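One letter stands for each residue in the lines below.
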Amino acid sequence: MAPSLTPAILGRRLGVVGVALLLGVSASPATADSAAESGSGSGSSGAPTVEEQRLDRAVPQEILRRSGFDGVAPGFARDLGRVRSYKEAERLVVRQGQSLWRRAVERAQGRGPATGDLSRDDDRPLYWARLGMTRALRAWEPRGFELGDERRQRLLGSLETTSRGQDTIRYPKGQRIKRVLVTGFDPFTLDRDTRISNPSGATALALDGTVVRTAAGPVRIETAMFPVRWTDFAEGEVERTLRRQLPRVDLFTTVSQGRVGKFDIERTNGAWRGGFGDNENLSSTGVVPVAAPASQPQWTTTTLPYKDIVAADTGRFPVYDNTAVTEIPAGGTTPVQRPDGPTPGSAARAGGGGDYLSNEIAYRATLLRDRLGLRGLPGGHVHTPVLQFGAGNTDPATGKVTDEEFVRNRVDIIAQVRKIVVTGVEAAEASGR
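Small disclaimer: the values here were computed from a predicted structure and weren't measured.

## So, the sheet that holds strand 12 (residues 336–338)
Ordered in space as 12-11-13, the three strands form an open sheet in which the pairing is antiparallel. For this open sheet the edge positions go to strand 12 and strand 13 (347–350), each flanked by a neighbour on one side alone. Pairs of neighbouring strands in the sheet enclose a mean axial angle of 40°, with direction left out of account.

## Section: the sheet that holds strand 4 (residues 251–257)
The seven strands are arranged 2-3-1-4-14-5-10 in an open sheet whose pairing can be described as mixed. The open sheet has two free edges, formed respectively by strand 2 (210–214) and strand 10 (319–322), since each of these has just one partner strand. Each adjacent strand pair in this sheet contributes to an overall mean axis angle of 25°, direction not counted. The pairing of strand 5 (residues 263–266) with strand 14 (residues 379–384) spans three bridges and is antiparallel. By the bridge assignment, I265 is partnered in strand 14 with V382.

## Considerations on the packing of aromatic side chains
Evaluation of the coordinates by the stated rule reveals nine aromatic pairs. Ring geometry for W140 and F145: centres 6.0 Å apart, planes at 65°, overall edge-to-face. Of the two residues examined, W140 and F145, each falls in the buried class. Ring centres of F226 and F233 lie 6.3 Å apart, and the angle between their planes is 75°; this geometry places the pair in the edge-to-face category. For the pair F226 and F233, one class covers both residues: buried. Members of the aromatic cluster, each reached through a chain of ring pairs, are F188, W230, F276 and Y356.

## A word on the side chain of E360
Positionally, E360 belongs in helix 14 (residues 357–371). Overall, the relative accessible area of 0% leaves E360 in the buried class. Aside from chain neighbours lying at most four places away, what touches E360 is W230, F233, R273, V288 and P289.

## What about unusual backbone geometry?
Phi angles above zero are rare outside glycine, and N281 is one such case at about 60°. Here N281 lies in the loop between strand 7 (272–274) and strand 8 (285–287). Positive phi outside glycine occurs at A292, with the angle close to 50°. Note that A292 resides in the loop between strand 8 and strand 9 (299–301). Since its relative accessible area comes to 44%, A292 is described here as partly exposed.

## Brief notes about the nonpolar core
With 39 residues, the main nonpolar core has F76, W128, L137, W140, L155 and L205 as its most contacted residues. Put simply, the parts of the chain that give this core at least two residues each are helix 5 (58–67), helix 6 (72–81), helix 7 (86–108), helix 8 (124–139), helix 9 (148–162) and helix 10 (199–207). With nine residues, helix 7 is the largest single contributor of residues to this core. Filtering out sequence-adjacent residues up to four positions away, L205 remains in contact with W101, A104, V105, A108, Q109, D122, D123, L126 and M225. Listed in part, the 26 residues of the second largest apolar core include V219, L251, F263 and Y306.

## Focus: helix 15 (residues 404–430)
With 27 residues, helix 15 ought to run about 39 Å at 1.5 Å a step, and its terminal C-alpha atoms sit 39 Å apart, in line with that. Structurally, the start of helix 15 carries an N-cap: the backbone nitrogen of E405 is 3.1 Å from a side-chain oxygen of D403. Positive phi shows up at G432, right after helix 15, with a value of about 80°.

## A word on the pattern of salt bridges
This model, assessed by the stated rule, comprises 32 salt bridges. When the shortest N-O distance is used, the salt bridge between R164 and D186 registers 2.8 Å. Remark: D186 occurs in the loop between strand 1 (178–185) and helix 10 and R164 occurs in the loop between helix 9 and strand 1; sequence separation between them is 22 residues. In terms of burial, R164 and D186 fall into one category: buried. Salt bridges sharing partners connect three or more residues here, namely E51, R130, E160, R164, D186, R229 and D232.

## Concerning the pairing of strand 11 (residues 325–328)
With burial as the criterion, each face of strand 11 is covered, one bearing V325 and E327 and the other bearing T326 and I328. Pairing between strand 11 and strand 12: three bridges, direction antiparallel. Counted as the bridge partner of E327 is V336 from strand 12.

## Overview of the environment of Q96
Inspection of the secondary structure puts Q96 in helix 7. Owing to a relative accessible area of 17%, Q96 belongs among the buried residues under this scheme. For Q96 and S163, which are 67 residues apart along the polypeptide, the C-alpha to C-alpha distance reads 7.9 Å. If we ignore the near neighbours within four places in the chain, the residues touching Q96 are F76, D79 and M133. Within polar-contact distance, the side chain of Q96 engages the side chain of D79 at 2.4 Å.

Reading the values: rules and limits
Residues numbered from 1 in each chain as written. Predicted model: local features only at pLDDT ≥ 70, side-chain atom pairs only at ≥ 80, totals over all residues. Heavy atoms only, no water. Pairing = 2+ DSSP bridges. Helix = DSSP H or I, 4+ residues; strand = E, 2+ residues; numbered from the N terminus. Axes fitted to C-alpha atoms, helices over the stretch in contact; angles between N-to-C directions. Phe/Tyr/Trp six-rings, centres within 6.5 Å; stacked < 30°, edge-to-face > 60°. Buried < 20%, exposed > 50% of the residue type's maximum accessible area, 1.4 Å probe, protein only. Contact = heavy atoms within 4.5 Å. Core = buried A, V, L, I, M, F, W, Y, C linked by side-chain atoms within 4.5 Å. Expected span 1.5 Å × (residues − 1). Polar contact = N/O pair within 3.5 Å; in protein donor to acceptor, adjacent residues only side chain to side chain. Salt bridge = Lys/Arg side-chain N within 4 Å of Asp/Glu carboxyl O.

Geometric values such as these leave the question of function open.
Structure follows, in structure tokens:
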């Protein structure tokens, strides 16, 4: 791995890349800017992907067992064995992908039986159960018809979409309710610590389909989850999911894990990939690949009411308006840190949220907002605090998969994101946006 910025710089400047480096990640991802050509995000038939291979470790198996999700993949594999046509396979994948997402949401929101002893706010059962399903689908050899790699890839894509809530974003009709879209991420840096949970993903599960009463009236929140894989982003997963939704919402925010002990509202997003390894241990460095690159800006900006959010009492973690970026100034060749945002004509090397996929989802979502002519729509990126285990439970080799402080931190982060969203909606309503 060859990050474009040093750990010291990243530690000062933020972002999930900096956090990961500061926490001591030592994985060696393939230097594969060709990831988008290989289709590695979904993988091909046959051997399990890098992500799926982690399933065999003790921690994922314990998480699945202690959440009651250990039967998801075996049940899916049995159902696949009874399929006798491609159309049947398509229906099965959609049904069971949506069922997994719904089950994870209901568990997080306290509905249905509390199977297992892991706390309901845990996002990890969904992640590991999905990987069990994709591994089963990749290995499946149907009887009675030929599948082929292309159709298998379509099935894998459908399973990813449905089990991430990307196809079930629904808002009620009428003008009396505000509509908000929130996105989260899978756990990442799992070779450093397989126990890792992502508070942004936990937030997505906790908030999906909920209605919050605010001074601006009722707010309906819909959510979706995204993978930590360069390839999926290069193939347009963010835009496919958000393009239909942004014109329908009153506010949106992408969410990811950022700095220790603090929230950040990221002011500026940069069009640059810094190369840090993703969940497939692949690396990608260069300009963020989007459609119509000739009109692609180097920077996009938040339209969230960040001043109001920062000033509000939203929870126990401080919230910052993060204006820092790293750029190559116009006419220059060397990256320079700018605490107050980019200078005219500069080339992006990191947004406020770094140069990893958290910056990229923010860049893609806000660029899509602008390209759709929705510049007045409040939207941007929120970085949560790093989700930390309790004292005495920090060693991945000997630590437990959960503890009281770990759960309390995650629950508090979820509650604070909800309050940040509410504050944003109320501030936008008050300003007439």
